[in-house]
Amino acid sequence: MSEPEYGDGRKAYAVRKIHLGIFDINTLNQMTQGLWAHPDNESYRYKELSFWIELAQLLERGLFDFMFFADSYGYPNQKRELSYREAVYAPSNDPMLLIPALAAATKHLAFVTTASPVYELPYPNARRFSTLDHLTGGRIGWNVVATGGISGAEAFGRDGILPHDERYEQAEEFMEASYKLFEGSWADDAVVGDKQRRYYADSSKVRIVEHEGRHYRMKGAHSSEPSVQRTPVIFQAGSSERGRDFAAKHAEGVFLKAPTVEALRAQVLDIRRRAAAFGRGPEEIKIFTGLSAVVGRTKEEAQRKLESYRAYASREAALLTYENSTGIDLAALDPDAPFVNVKTEQGLSHTERYTKHSGSVQTVRDVMDNFASKEFRGITIAGTADEIADRMQYWVEETGIDGFNLERYVLPGGHRDFVDQVVPVLQKRGMFRERYEESSLRERLFGKGTARLADSHPGAAYRI
Ligand SMILES: Cc1cc2nc3c(=O)[nH]c(=O)nc-3n(C[C@H](O)[C@H](O)[C@H](O)COP(=O)(O)O)c2cc1C
């Protein structure tokens, strides 16, 4: 039997099922500063619960795995006029507070939200995630970030941020304290819940856990009883050397971005190789990349849409987001100078993308041009549903990723086009589920019966 051929003329590979999420944030602009003003964009409704509920229900109709919410503390403390005029990640609301409402409006869709060890404390953070895991019936993931924002530190009354690698050490310690609470405080049979005997829980099976480290001190019994997943599904998105080790050890979902197929493939292999060094199997980590898909009935229609979105982009606001993430004001540098020996203590993923992972030396102007048009986007594909599915399949097969996190242009219309037009094509090709089967997020990613952490995960060592 000959293999089927797809639209771009390539031979098809063995079909792999993929996972799909959306990558979003509780604010007006994401990834294309200025786009909130586009007539088709309803992101200005970010303050309305109904806006998020409609989006969640749309994604559930499309059988998506999860909604992923990025988040960070911080406020515009430089170029303030530009920041507020263009709504550069400000104002913004807390995405975690949306989740119970979105869970009530859906049955299967899962939610990944961000909490940073830089700002949170293990005890209340674990309580919040356990509460969410209970309320959602195990549909919760935690994006652990080693945040580098300076204004967030100010807002918390700190003198500054810790150096990059130390923030990851801090995150290591945070994880250890969190696992003690999630996994090591309540035994599975601690809750009896017998009304006749008026006997709710057995105190001998609820352990007081302690942690004494460089960054955190804690003593207490976890306040929540065991939830479906106990530890939420751990996600991570930093791709510096230190970030990858952290991901390889702790993450069950990794969000990687790279400029080329080759660079992404190398990162995927690297994460899986590092995971093996931590005694974890290569399949214990699902790897996602960002996808900005613009769907049209014809390629021309999709291109026209993409051009209309790009027409709203603000270059100066885009460059400000680069500065906010890295501390580097590109416009203040010599545009013809090579972008090398760049130092930052903030997010290395955003500098290394133009140095280590770019394949050739870029000038400051190249970096500005590229960043102003892409910002933090992953792969951009504008085309028909078939063309988009072709490219998705190509990236999956060429890089070994497990799925995509869809990025917004216009909300919710862009995702509606994807659900209505691309999802059926992916299904027809056997690349995407036809119905939901598993109910917890961990089982959706790793299969039935895996609601709890894998035995090889470092958190499992803290089990009571
Ligand atoms: C795709 C992507 C998404 C991210 N989302 C967040 C976020 O929501 N909040 C945050 O504080 N940092 C976020 N970050 C920052 C990283 O998680 C990480 O903490 C930071 O980049 C520093 O680590 P690195 O040097 O390893 O990149 C994100 C980074 C990437 C690449």
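Residues numbered from 1 in each chain as written. Predicted model: local features only at pLDDT ≥ 70, side-chain atom pairs only at ≥ 80, totals over all residues. Heavy atoms only, no water.

Near the ligand, the surroundings consist of 22 residues, among which D71, H164, S240, L348 and S349 are the closest. Between Y168 and the ligand, the recorded distance is 2.8 Å, taken from a side-chain N or O atom to an oxygen atom. In the environment of the ligand, an oxygen atom lies 3.4 Å from a nitrogen or oxygen atom belonging to the backbone of S239. For the ligand, whose unbound accessible area comes to 610 Å², protein coverage reaches 91%. Counting only elements with at least two residues in the shell around the ligand, the list comes to α6 (164–184) and α11 (349–352). (Near = heavy atom within 4 Å. Polar contact = N/O pair within 3.5 Å; in protein donor to acceptor, adjacent residues only side chain to side chain. Areas by Shrake-Rupley, 256 points an atom, 1.4 Å probe, with all protein chains shown as cover. Helix = DSSP H or I, 4+ residues; strand = E, 2+ residues; numbered from the N terminus.)

Turning our eyes to something else, we now look at empty space enclosed by the protein. Summed over all chains, the structure comprises one cavity of 30 Å³ or more. In this structure, the largest cavity occupies an estimated 100 Å³ of space. Lining the largest cavity are 15 residues, and of these A293, V294, Y409, G414 and H415 lie nearest its centre. Of all the secondary-structure elements, those providing two or more residues to the lining of the largest cavity are β11 (286–295), α9 (299–310), β13 (403–407) and α14 (413–428). Partitioning the lining of the largest cavity into residue classes produces nine nonpolar, two polar and four charged. (1 Å grid on protein atoms, 1.4 Å probe; cavity = no way out; pocket = protein on both sides within 12 Å on 5 of 7 lines; lining within 4 Å. Points joined across faces, edges and corners; volume = space filled by probe spheres on them. Nonpolar A, V, L, I, M, F, W, Y, C, P; charged D, E, K, R; others polar.)

Among the five residues of strand β12 (residues 379–383), four are classified as buried, and the element is accordingly described as predominantly covered. Summarising the sheet, β11 and β12 pair through five bridges and their orientation is parallel. Bridge pairing in β12 places V294 opposite A382. (Buried < 20%, exposed > 50% of the residue type's maximum accessible area, 1.4 Å probe, protein only. Pairing = 2+ DSSP bridges.)

Now for the UniProt feature "binding site: FMN" (unreviewed entry) in the protein chain. Here, the residues flagged by UniProt with the feature "binding site: FMN" (unreviewed entry) are D71, T114, H164, Y168, S239 and S240. Look at S239 and you get buried, because its relative accessible area is 7%. Each residue touching S239, except ones within four places of it in the same chain, is listed here: R244, L256, Q267, S349 and E352. Ignoring sequence-local partners within four residues, the contact set of S240 consists of H164, Y168, L348, S349 and E352. Looking at S240, its side chain comes within polar contact range of the side chain of H164, at 3.4 Å. (UniProt positions renumbered as here; feature names shortened; annotations may be inferred. Contact = heavy atoms within 4.5 Å.)

This next bit is on the nonpolar core. Ranked by internal contacts, the top residues of the largest apolar core, which has 83 residues, are L20, F64, M67, M392, F404, F418 and L426. Setting aside chain neighbours within four positions, we find M67 in contact with I22, W52, L55, A56, L59, L102, L109, A110, F111 and V112. Residues V367, F376, L441 and L445 belong to the second largest nonpolar core, which totals 24 residues. (Core = buried A, V, L, I, M, F, W, Y, C linked by side-chain atoms within 4.5 Å.)

For any two helices packed against each other, the geometry is given by the interaxial angle and the distance between the axes. At a minimum axis separation of 8 Å, helix α7 (residues 241–250) and helix α8 (residues 261–277) run at an interaxial angle of 55°. Classified by the angle their axes make, α7 and α8 are oblique. Between α7 and α8 the crossing geometry is right-handed. From α7, E241, R244, D245, A247 and A248 reach across to α8, where they touch Q267, D270, I271, R274 and A275. For the contact of α7 with α8, the class distribution of residues is four nonpolar, one polar and five charged. (Axes fitted to C-alpha atoms, helices over the stretch in contact; angles between N-to-C directions. Parallel < 35°, antiparallel > 145°, perpendicular 65-115°, else oblique. Left-handed = near helix turned anticlockwise from the far one by under 90°.)

Cis peptide bonds are those with omega within 30 degrees of zero, and the linkage from A90 to P91 qualifies with 0°. The peptide bond linking L411 to P412 adopts the cis configuration, its omega dihedral lying at -10°. Considering the arrangement of structural elements, one finds P412 in the loop between β13 and α14. Positive phi values are uncommon outside glycine, yet M31 reaches one of about 75°. Looking at the element boundaries, M31 is found in the loop between β1 (19–24) and α1 (49–61).

On inspection of all chains with the given rule, the structure shows 44 salt bridges. Residues R61 and D420 are paired through a salt bridge, measuring 2.8 Å at the closest nitrogen-oxygen approach. Here R61, found in helix α1, pairs with D420, found in helix α14; they are 359 residues apart in sequence, far enough to count as distant. Taking relative accessible area as the criterion, D420 reaches 38% and is therefore assigned partly exposed. With a closest N to O distance of 3.3 Å, D386 and R429 form a salt bridge. (Salt bridge = Lys/Arg side-chain N within 4 Å of Asp/Glu carboxyl O.)

Time to look at helix α12 (residues 364–374). Listed in full, the buried residues belonging to α12 are V364, V367, M368, F371 and A372. Seen from one end, α12 has its buried residues packed into an arc of 120°, which puts them on one side. On its buried side, α12 packs onto α10 (315–326). Positioned one or two residues after α12, E375 has a phi angle of 45°, which is positive. (Arc of directions from axis to C-beta.)

On to the packing of aromatic side chains, then. Under the counting rule described, the total for this entry stands at 23 aromatic pairs. Ring geometry for W52 and F69: centres 5.6 Å apart, planes at 70°, overall edge-to-face. Here W52 is found in helix α1, whereas its partner F69 is found in strand β2 (residues 66–69), with 17 residues between them in sequence. Residues W52 and F69 agree in their burial class; the two are buried. Between the aromatic rings of F66 and F235, the centroid separation amounts to 5.4 Å while the plane-to-plane angle is 70°, which identifies the pairing as edge-to-face. Of this pair, F66 sits in strand β2 while F235 sits in strand β9 (residues 233–236); the two residues are 169 residues apart in sequence, bridging distant segments of the chain. Considered together, F66 and F235 belong to a single accessibility category, that of buried residues. In this structure an aromatic cluster arises from ring pairing among F23, F66, F68, F235, F255 and F288. Positioned over the ring face of Y199 is R197, at 4.9 Å from the centre of the ring. Stacked on the ring of Y409, the Lys or Arg R377 has its end atom at 3.7 Å from the ring centre. (Phe/Tyr/Trp six-rings, centres within 6.5 Å; stacked < 30°, edge-to-face > 60°. Lys NZ or Arg CZ within 6 Å of the ring centre and 35° of its normal.)

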